[in-house]
Every structure is written in C-alpha cells, then in structure tokens.
Amino acid sequence: MSRVTRLPARTRGALASLLAGITLVGATAAPAAPAPSDGPAGSGRPVVIRYTESGVPHITAGDWRGLGYGYGYASATDNLCVLADAYLTVRAERSRYLGPDAPADTGLGVAGDNLTSDLYFQRVKDSRTVEELVAQPPPLGPEPEVRKLIDGYVRGYNRYVAATGASGADGPACRGKAWVRPITPLDVYRHFHAVTTMSGSGTMMDGITGARPPAPGKPPAEASGPSAASLKATASGLSAAVRTARKDGELGSNALATGSRGTGGEARSVLLANPHFPWHGARRFWQSHLTLPGRLDVSGASLLGFPAVLIGHNHDLAWTHTVSTAATYGLYEVPLVPGDPTRYLVDGVPERMRAHRVAVRVRAADGTEDTVERTLWDTRYGPVIGSGPGGFPLPWTTRSAHVLRDANAGNLRALNSWLGLGRARDTDDARRVLTRTQGLPWVNTVAADRRGRALYADLQVVPHVTDDLAERCSTPLGEQVFPTSGVPVLDGGRGDCAWGSDPDAVEPGILGPARLPSTDRGDYVVNANNSPWLTNPAAPLTDYPRVVGDQGTPRSLRTQEAVLTAERRLAGTDGLPGRGLTREAAQRLLFRDHSRAAELAGADTVRLCRAFPGGLAPSSKGPVDVSAACPALEAWDGTFRRDSRGALLFARFMLKAEAVPGGIWRTPFDPADPLHTPRGLAVDDPQVQRAFGEAAAELRTAGIPLDAPLGAHQYVVRDGERIPLHGGPHQAGVLNVITPRWDPAAGATEVETGTSFLQVTEFPERGAPRASTLLTYAQSADPSSPHHADQTRLYSRGTWVPERFTPAEILRSPHLRTVVLTAP
C-alpha cells in the first residue's frame, strides 16, 4: 500500500475556511477529506474536486466508486465531445449518426471510413469477447477496485451528460447531438479493449472487414506458389508496411530514469516522462490527482476515459511508458481445402471457417436509415484478413488465406496494472505488479523510486513465439519478414505451430515475465522507442527473443540523443552546472531542443548547400535557389528553438532524406559503436542533393523564406491566436518531438502528434516528491473552456507548471476552486 499523506486537523480547518466560495453540486456539506469506506455507493458521501493551476483537478473521495464518480464528472466537463465520440465508435454507430463515408475515429484504430470502423466494432460486440472478459475473476478480469472505479466513472459521466450534455446550451459543439447520451460500464470496457488491441487488430480493420473468399469458378492457384522474386518483393513490402504502420500509429515517447548514482543535488532519483501522443482525438491525455485516503494518492495523466493514472507518481514511485518494439500480433497462413476456400486444413484435417453476418445501421444521404450487412470470417487462430498492416495486400486465394492472431484479444487487464502501479512502493513492487497482472498492451515501463533505483521493464503482452518456433514454423514469407520486423508469419496448417505457453504467464499464448527483458539499476535507464538492447550501454540487454525486438542494429537518432543526454549529464559535460540529473536539469535538457542529426550532419549540410553550382539545388520542380539558406545553416546552433533560423529547412530535409535509397550517411553503422554510427552526410550522393532541393522547394512553395525562424512557421492557432512552437521531428533526433501537419501553402500550422504530457519527478530522501508537469495541448478540447490553450502558451514559452501534491501545496494555490459532488 502506498504511503498517503493524511490531512491534519489544521489543514482540514484551512480547507473548511475556503469552502465559502465553492461550487456545490448536489451536496449540503463540504468536508475536506471524505472518510474511507468499503461500503456500497449510495450513502451520499461527498466527492471533493479541488482545481489548481491550469485546471488540474485534485479528486478526493471516501471510496473507489466515489473516486471514479469524481473522475467521470470532471473529465466529461473538460472533454465531453471527445469522450462521446469514442463511445460512439465502440458502439459501432458512427455510420448511423455521422454517415458511412465520413472519416473514422483514428484514435481507436485504422479504418478507411465510418462503415469499416462500425463493421469491425460490431464484430467485436457480436463476439461478446468483452462481456466474457468482464465476467472473469482477476487476474483475467477486472479487480474489485477497478469494477468500483468504472461503476463510479459511469455515474459521474452520466451526471454531467444529464445536466448539460444533451442540451442545446452554449459550450461544446456536441451538445444537443443525439449521439451524446449516457453510457454503461460495458461501453467503458469496450473502450479499454479497443485501446488495448489498437496495435494489432486495430491496425487492420480494413483487412478484417474486407476479406472475401475467391469467387466461385476462379481457377485454382498454382501448386508451386509464388516465385522467388515475387516472394521477396512481398516480404519486403510487408516488412515496410509493418514499420510504416508502427510509425503511422502516431505513438512514441522518451523516458529517462536515474537512480542514486545518476542524480545530482539532494535527489535520490529522477524520472523524466515525455510521451509523444496525438494532440487531437481519443488518445489525448488528461491530468488529474486521485486520492482515496489511506489507500491511494497518485498524480499524473491518463488517456481520456481511463479512470486511473497511467503515467505519474505517488509518494515513493514515479513511472512512465514508451511504445515498445515488441510485436503484439502474428499472422498465420492456412492451406485451404481444394474447391472450398472457406475450409482449411490443420494436420490434414479440414476445419470450416466460422461465418459471422455483421449488420450495422447507416444514415442515407436523404437522412433515412438503412442496414448494411457483411459476412466476416474466423478461424481457430483469429479473423481472416484480406490485407495486412498499412493495407498491404495479402489476397485470399484458392490456395491459402492469411489469418490474424492478436495477443491482446483476451486482455482486459490494463487497468489492473495501472491501478497497481499507482499503489506500488518501489521499483521491486512495480515489477511485481507488472508480473502479476501482465496487462500492459504495447508499452515498456520506466520507473524511479525513493530508494534510488531506476527500472526498465518490457513486461507487457507479447506473443509466445520463440526464435525456435519461428525457425520451425515460418512460411516462406515469414522466413523473410520475421527477422526484419519481428512479426511472425507461421504455418497454420500444422498444429505444432501454435503459439506456446509459459507456466508464469497469466494466459496461454503469451510470453511469461521470465522471458521478457528488464533491469533495475542505480545509475540510469533510458528508452526512446527502440528495442531494449541499449537501455544502458554499460550493460546491453540481449536475453530476449526476436519477437520482442532486435539487437546490434542501428538506433534512431532520437535514441542516440536520449542515451548521450544521459551520459553527458552524468559526466557533467553538457554545459549545465554540476553532474547528475535533477528536476531542473531534466527540464532544461528537454527544452534545449538539441538535434542529434544536426550534430552529426550540420556542418556537412552547410558544405552541401554551398556546393550547388550557382546556388541552385535540384528538385522535381526544377532548380531551386538555396543561396539564402547557407548562411543561416552555418550560423544555426543545431537546436529547434522558436527563434532558430535554418531549423525548419533542416527538418524538412531530414524528412525527405528518409526516402533516400541506402540512406544518407558516408560511414555505415557499426554495432561496436552504435551511438556514433552511422555518420557523415553523403554530400556527393545525387539523391541526398535532391532531397535537400525538395525541402527547399517545399518551403518556397509555401512562401516561407529559407532562413525564417522556426516559430514563425511552426505554430498552432488557438482562440484566434497564433502560438509559435519549439521542438522538432523524430527524424532530426530531437527529444522534444513535434510532428506538424504540413500545409503546402502555409507550412506547419497544426500538430498531429508529439510531446503531450510532460512530468519530471524528483524524490528527495525525505518528504514529498517534487514534480513539474506540462500538458502541451491543455486540459480541454473545448474551445469555450478557459483551459483550452493555457498550457499550450506555457509550452510555447518553455514554462513548466510546478505540481501541487500535498494538501498544503494544494491549499496555497491562488487559483484554488472547489467543487463538491454527492455520489449517488
């Protein structure tokens, strides 16, 4: 159980004196600290929500349902429309209310349109998978505390909807819409399941709903199968599609934790949490502080609709997550019975595919409703697919079909894991929680504790596909795809090719915790979305199967920047005072906006720029004058600050350089020197020269001077105000990632994804943790909210928000506002 700071009598009295100006919602009294209770909800116990700077709610309740109630009410207040849209999605009703051809909700999967999304989620509903998981006792089903949180969350959300959500009053754009209506616990669990499976099934909605058996009378496929050349091309295309799908998932993160041998000042440990998530839609973070006196006291952020802290800290432990390289799904190729493409063979015995007739209601152009039906197909492994990740074609022929198996299909345990982390006391306890629950779906965990330990753990859901199984059972396609992507493609015609099981795994078919990599250290651990290999270069992690990640391969420039940032800080060679990481140093290092790519290729880029005859670089639009760029690039300090001149051109150059065949570097990667290779820009390569020209032409087309300051053309508009942004793209090796939405006529005028919720937590030897936070896109997606863009302005200026964690700190807030609810 976490250590919890109880409200002393003096503090309770101070709070009571402040309650004269509170907002009372269904309450007749305003106690400061509801007494804990194990009894059922319905006794009218108060839930206290105290808002401080930036609209951060500190929610205190006397039981789990009350805590969920306050969370549901407060989160709906800030983000009703985003939440209602997510529930509309998992109910498979987007086509009914928004039209079948309208864009799907990209926050919960990849679908070409609303109809595809609805067919996919209706299949999930018809399967009753979520209902069956909810009915399971823990560890497979929700723990009792989770069930109570969800019950309270639903009541709190519905209370807000009943009060304001369905009215036509001014406020969120969705008010008065027919699809904004009360929810049930099942809606919430379906939302959890959608997020859990979004890295597997969720990336192949089009493939699942579009799979069709070959037409009758189609000539049988050649018994020999595809040619070697065709197979190689397919394998190369599928591997690229897997990598692209991971990148297009818009998810990434940096995490750095230092223990007692890596900190400075009075700190025992420090954690930097820097997730890179979408700025819009269902995957927005929302910040809160949840307190159940004596049982839970945790502060941080969660994805909208998840009534627990997913990234944050309690009194003794801080943790964050980074998107893992582990494959969370696999493919099978099943041989088909000749003449019957809906039967397949396993060990020579025919099995019939299961046909599911899925029906969804759609809105016609004239406003009437119709029903669209489609037959989807399942096997013992999972659904038949007509295309793989990224829409890569995997045709269903008369000879064979490809089938998806999602390791997270039976995972509804994530909230068990996150609630457990919120109550963990140290990194050992955190590891025990992750081992016991095995609910994290597609993320690594990085943590730091008050003892001075730093933890990296890739204890998540991973298919039980050992290297031996892949070697024995890979299809010819899988033999080429698995080594390069980690995604297995196995022979579904052999019973001995089923995924394995481990005695320490919570369910069959996934790797047990003992097979997954983790390390606990006193200096530092780091991850920036590469495999576990170089978590700490002093002790590389190597004891894990290929399905988890690769080894001895090039690290991204962002990973190099993250590791070198840690190494230089511990050595005191980064230009900051002293040695070792502190909260202040972590904040400064992240917003230094240093580019590893500029460090490696900046001088060469200047040389490239100056070498173009007449200052004209080649591009698809003809020669482009780059002479104005050369002095700016030469004077540029290699950072992506708002006033950096040359940074925008260099960013677009790095993005164009991704497509250069064979890469852009003179010195190739050396596994013996992974942090300093590859390096040296291949300035004589015509493809590199052309990439530079294309970047310059892109800026010219948008009317942007090649030496313009970054913030003048990398910005967002909020409430009619243009807010300039610092930060750069992943490809430039910048930790503070900003992935802009590029307008060819105006430049980077919106952000797709990037730095989202920031938290730096420092543990002194005694006393409360010290933390600073920042939610870059602010608490509310509602333009009418005062907290729609306030933190975006802070982010623009590089300003952090000092966190208020103890009761005394909360009471001292000059922005304190209290709302008291009565839980039904």
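A quick note: this is a predicted structure, and the numbers were derived from the prediction, not measured.

All right, on to the packing of aromatic side chains then. Across all of its chains, the model carries 22 aromatic pairs by this definition. Here the aromatic rings of tyrosine 120 and phenylalanine 121 are separated by 5.0 Å at their centres, their planes lie at 85 degrees, and the arrangement is edge-to-face. The exposure classification of tyrosine 120 matches that of phenylalanine 121, with both residues buried. In this structure an aromatic cluster arises from ring pairing among Phe612, Trp636, Phe640, Phe650, Phe653 and Phe692. Taking NZ or CZ as reference, arginine 722 lies 3.9 Å from the ring centre of tyrosine 715, over its face. Across from the ring centre of tyrosine 51, 4.3 Å away, lies the NZ or CZ of arginine 817, which sits over that ring.

All right, on to the pairing of strand S33 (residues 817–822) then. Counting buried residues along S33, five of its six residues qualify, which places the element largely inside the surrounding structure. Here six bridges tie strand S2 (residues 46–51) to S33, and the two strands are oriented antiparallel to one another. Its bridge partner being in S33, valine 48 is matched across the sheet by valine 820.

A word on helix H11 (residues 427–437). Every buried residue of H11 is accounted for by Thr427, Asp429, Ala430, Val433, Leu434 and Thr437. The buried residues of H11 occupy an angular sector of 155 degrees when projected down its axis, which confines them to one face. Among the residues of H11, the N-terminal cap falls to aspartate 426, whose side-chain oxygen and the backbone nitrogen of aspartate 428 are separated by 3.1 Å. A positive phi of about 45 degrees marks glutamine 438, the residue just after H11.

The description of two packed helices rests on the angle between their axes and on the distance between the axes. Where helix H18 (residues 647–657) contacts helix H19 (residues 686–701), the two axes come as close as 8 Å, and the packing angle between them is 130 degrees. Relative to H19, the element H18 is oriented oblique. Pair H18 / H19 crosses with right-handed handedness. Facing H18, whose interface residues are Leu648, Leu649, Arg652, Phe653, Lys656 and Ala657, H19 presents Val688, Ala691, Phe692, Glu694, Ala695, Ala696, Glu698 and Leu699.

Moving on, we come to the confidence of the model for the protein. Here the protein shows a mean pLDDT of 93. Residues at 70 or above account for 92%. With pLDDT under 50 throughout, residues 37–42 is counted as low confidence; its partners more than four residues away or in other chains account for 13 contacts.

What follows deals with unusual backbone geometry. Here proline 138 and proline 139 are connected by a cis peptide whose omega angle stands at 15 degrees. By the secondary structure assignment, proline 139 is in the loop between helix H5 (129–135) and helix H6 (144–165). Residue threonine 677 is joined to proline 678 through a cis peptide bond whose omega torsion reads 0 degrees. The phi angle at arginine 128 is positive, at roughly 60 degrees, despite the residue not being glycine. Following the sequence through the fold, arginine 128 ends up in the loop between helix H4 (114–127) and H5. When its relative accessible area of 47% is taken as the criterion, arginine 128 is described as partly exposed. The backbone of alanine 778 shows a phi angle near 75 degrees, a positive value even though the residue is not glycine. Counting through the fold element by element, alanine 778 comes out in the loop between strand S31 (770–775) and helix H21 (790–797). Relative accessible area serves as the criterion here: at 0%, alanine 778 is assigned to the buried category.

What counts, and at which threshold
- Residues numbered from 1 in each chain as written.
- Predicted model: local features only at pLDDT ≥ 70, side-chain atom pairs only at ≥ 80, totals over all residues.
- Heavy atoms only, no water.
- Phe/Tyr/Trp six-rings, centres within 6.5 Å; stacked < 30°, edge-to-face > 60°.
- Buried < 20%, exposed > 50% of the residue type's maximum accessible area, 1.4 Å probe, protein only.
- Lys NZ or Arg CZ within 6 Å of the ring centre and 35° of its normal.
- Helix = DSSP H or I, 4+ residues; strand = E, 2+ residues; numbered from the N terminus.
- Pairing = 2+ DSSP bridges.
- Arc of directions from axis to C-beta.
- Polar contact = N/O pair within 3.5 Å; in protein donor to acceptor, adjacent residues only side chain to side chain.
- Axes fitted to C-alpha atoms, helices over the stretch in contact; angles between N-to-C directions.
- Parallel < 35°, antiparallel > 145°, perpendicular 65-115°, else oblique.
- Left-handed = near helix turned anticlockwise from the far one by under 90°.
- Contact = heavy atoms within 4.5 Å.
- pLDDT = per-residue confidence, 0-100.

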